[in-house]
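Structural overview
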Number of protein chains: 2
Amino acid sequence: MEITIIGLGLIGGSIALDLRRSHFATRLTGVEDNPIHAREAVKRNLVDRILNIKEALTDTDIVIIAIPVDKIISLLPYVLSNISKGTTVTDVGSTKLEIAKAVANHPNRRNYVPSHPMSGTEYSGPMAAKEGLFKQKIAIICDHKKSAPQHLALIEKMYQTLEMNIAYMSSDEQDHSTAFISHLPHAVAFALANTVLAKENRSIIFDLASGGFRSTARLAKSAPSMWGPIFQQNKFYILEAMDTYIKHFIELRESIEKNEDEMYKLMTNANKIKDIVDGKSSSMIKNENRIIKYFTK
Amino acid sequence: MEITIIGLGLIGGSIALDLRRSHFATRLTGVEDNPIHAREAVKRNLVDRILNIKEALTDTDIVIIAIPVDKIISLLPYVLSNISKGTTVTDVGSTKLEIAKAVANHPNRRNYVPSHPMSGTEYSGPMAAKEGLFKQKIAIICDHKKSAPQHLALIEKMYQTLEMNIAYMSSDEQDHSTAFISHLPHAVAFALANTVLAKENRSIIFDLASGGFRSTARLAKSAPSMWGPIFQQNKFYILEAMDTYIKHFIELRESIEKNEDEMYKLMTNANKIKDIVDGKSSSMIKNENRIIKYFTK
């Protein structure tokens, strides 16, 4: 199968590696504006060739758009207008509502399958691409009834090839949920990093940075060029998530100052996160008959 | 050497494992109030025997107190009053100011070396003990001039055996620094867990929990029985750290809502944490001639 990937960073590059390894792709074509990234991607053999966008949309089976979400919005209508009749298009952006809106009335809307493979690291660029990044993770497919069944089936098959499970939900639900489970932790980490960086005696503090701090602040290394547009596009739900978090944080702060019993109650409640962070959630969810296709479990 | 460890949880148990493996200890005696933990500790061969506190203080070379910080405060004066003349005492609590105050005028104060080996996991109990937990990590020794040089030297040698580097600072400085680098990340994680747990559609959210959420919320699994007393004993500096964090978090929130340029500035600033979380801080600190003994690097 001919695959075109627009954007050869961590996500686009990692998809390329696994689609090649699995022989799902017979030829991989890349589109990459950044000339250094383009060179690195060819050097790492992520793609067979780099073409300009116009050429790369010709005679290809799937177009995967893997660029920051603000750029997806600008580019997606152009892509849908310039593909061959049978080509399937997907994007991998962390927000979906605004992106889906941008092509809601496009004549080729049914060629497009909005998706969000939920995996990543705090690194970016083609050198950060790695095999198996998506294994056992969840790919969200949004508003699936708005895609033609053939295009939907092909994108499902692609994520199945990446060994992912698939969750179906509306763009709105995906943006709301990811605001809490993915975007909020990034905001939390950015603010923690800024707090510690602002300390006067920061050299002492840094020397003491142990595993706990490293884990909690890890996401603060994430690229602003990727996360800024996500925060802007999902502003409504991210502000809701941040305001809810501030309420809980202040509640804990007040309890530490004035109400020890309440403090223990809040900490004990937080411990319930164990099952989730230990990855025990899936069986629980399965019992609730949620519409998730478990291919890999 | 005869070593007595009071409290055979994650920290006490892990110290036991490494002191035995290195032959620093010839006999390990444990004191453990929790009968299940006591049985597990013996079963895992963490210690050679369990004694009651009174017997365990007789004819031993080092007493290591590894229990929650509220219990250290109650027990430390008793321990100092009941040791043999030459015995060295240390504790491994995450707070130091209140603990040091509790024995400031004790006649055996110079037998005591307040310390804080900075390592751990979110798990607790003797089954969580593991070899090499402290390797390449920092042990803080506080107010070292208040300890007799022989007792100080022996505790330094013990941490050197655990392959730790040693930082020297006042109890006040240690409590202030750890409030930001260790206690604050725990508060941040507890509040993040509570935020997500409070969502109505939480089963959907949990299913989407990816590596980023897991990393940021990991510390929310920590035991309230250990962290509650830390938050209470270091209340003054933890509230300072939490208030500073709230300021930075709200600043980020406001910038997302109203000031995109400022948002990018804040995210770019947070990226500077890279060097610290990637563990590149030590060389920087060394250049500043800080009083850290690097045994292992």
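Residues numbered from 1 in each chain as written. Chains lettered and ligands numbered in written order. Predicted model: local features only at pLDDT ≥ 70, side-chain atom pairs only at ≥ 80, totals over all residues. Heavy atoms only, no water.

**Some points on the domain arrangement of chain A**
Residues and elements named next belong to chain A. On domain assignment, one finds that chain A holds domain 1 (2–170) and domain 2 (174–279). With 19 residues of domain 1 at the interface, the matching set in domain 2 holds 16 residues. Counting across the interface, domain 1 meets domain 2 through two salt bridges. On inspection of domain 1 and its partner domain 2, the count reaches eleven residue pairs in polar contact (both at pLDDT 80 or more). (Domains from an automatic or database assignment. Contact = heavy atoms within 4.5 Å. Salt bridge = Lys/Arg side-chain N within 4 Å of Asp/Glu carboxyl O. Polar contact = N/O pair within 3.5 Å; in protein donor to acceptor, adjacent residues only side chain to side chain.)

**Considerations on the relation of the copies chain B and chain A**
Rotating chain B by 180 degrees and translating it 0.0 Å along the rotation axis places it on chain A, where the RMSD comes to 0.0 Å. Here the copies are linked by what is in effect a two-fold axis. Taking C-alpha positions as the reference, the residue of chain B nearest the rotation axis is T216 of chain B, at 2.1 Å. Of the interface residues in chain B, 100% have counterparts in chain A that sit at the interface too, so the contact is made through matching surfaces. (Least-squares fit on C-alpha atoms with pLDDT ≥ 70 in both.)

**Some thoughts on the pairing of strand β5 (residues 88–91) of chain A**
Look at any regular strand and the pattern is simple: side chains alternate between the two faces of the sheet. All names here are of chain A. Burial of the side chains of β5 extends over both faces: T88 and T90 are buried on one face and V89 and D91 on the other. The pairing of strand β4 (residues 62–65) with β5 spans four bridges and is parallel. If you follow V63 over to β5, its bridge partner there is V89. Crossover β4 to β5 through helix α4 (residues 69–82) is right-handed. Two elements, β5 and strand β6 (residues 112–117), share three bridges in a ladder whose sense is parallel. (Buried < 20%, exposed > 50% of the residue type's maximum accessible area, 1.4 Å probe, protein only. Helix = DSSP H or I, 4+ residues; strand = E, 2+ residues; numbered from the N terminus. Pairing = 2+ DSSP bridges. Right-handed = clockwise from strand over helix to strand, strands pointing away.)

**Some thoughts on the nonpolar core**
Core analysis: the biggest nonpolar cluster contains 130 residues, and Y245 and F249 of chain A together with Y245 and F249 of chain B have the highest contact counts within it. Ignoring any residue separated from it by four or fewer positions in sequence, one finds Y245 of chain B in contact with V188, A191, L192, T195, Y245 and F249 of chain A together with L184 and V188 of chain B. (Core = buried A, V, L, I, M, F, W, Y, C linked by side-chain atoms within 4.5 Å.)

**Some thoughts on the interface of chain B and chain A**
Counting residues at the interface gives 93 residues for chain B, matched by 93 residues for chain A. For the pairing of chain B and chain A, the buried interface totals around 8800 Å² over both sides, and the portion due to carbon and sulfur atoms is 69%. Joining chain B to chain A, the criterion identifies four salt bridges. Note that R253 of chain A is salt-bridged to D243 of chain B, the shortest N-O span being 2.6 Å. Linking chain B to chain A there are 30 residue pairs in polar contact (both at pLDDT 80 or more). (Buried area = accessible area lost by both parts, 1.4 Å probe.)

**A closer look at the confidence of the model for chain A**
When pLDDT drops low, the exact placement of atoms in the prediction is not to be read closely. Residue and element names in this part refer to chain A. Residues at a pLDDT of 70 or more form 92% of chain A, whose mean pLDDT is 91. Contacts from residues 281–290, a stretch scored under 50 in pLDDT, to residues over four places away or in other chains number 17 contacts. Interface predicted TM-score (ipTM) for the complex: 0.90; the corresponding pTM is 0.90. (pLDDT = per-residue confidence, 0-100.)

**Description of the pairing of strand β8 (residues 165–169) of chain B**
Residues and elements named next belong to chain B. Counting buried residues along β8, five of its five residues qualify, which places the element largely inside the surrounding structure. In β8, alternate side chains face the same way, and those of N165, A167 and M169 on one face and I166 and Y168 on the other are all buried. With five bridges connecting them, strand β7 (residues 138–142) and β8 associate as parallel partners. Its bridge partner being in β8, I140 is matched across the sheet by A167. With helix α6 (residues 149–161) bridging β7 and the parallel β8, this β-α-β connection has right-handed handedness.

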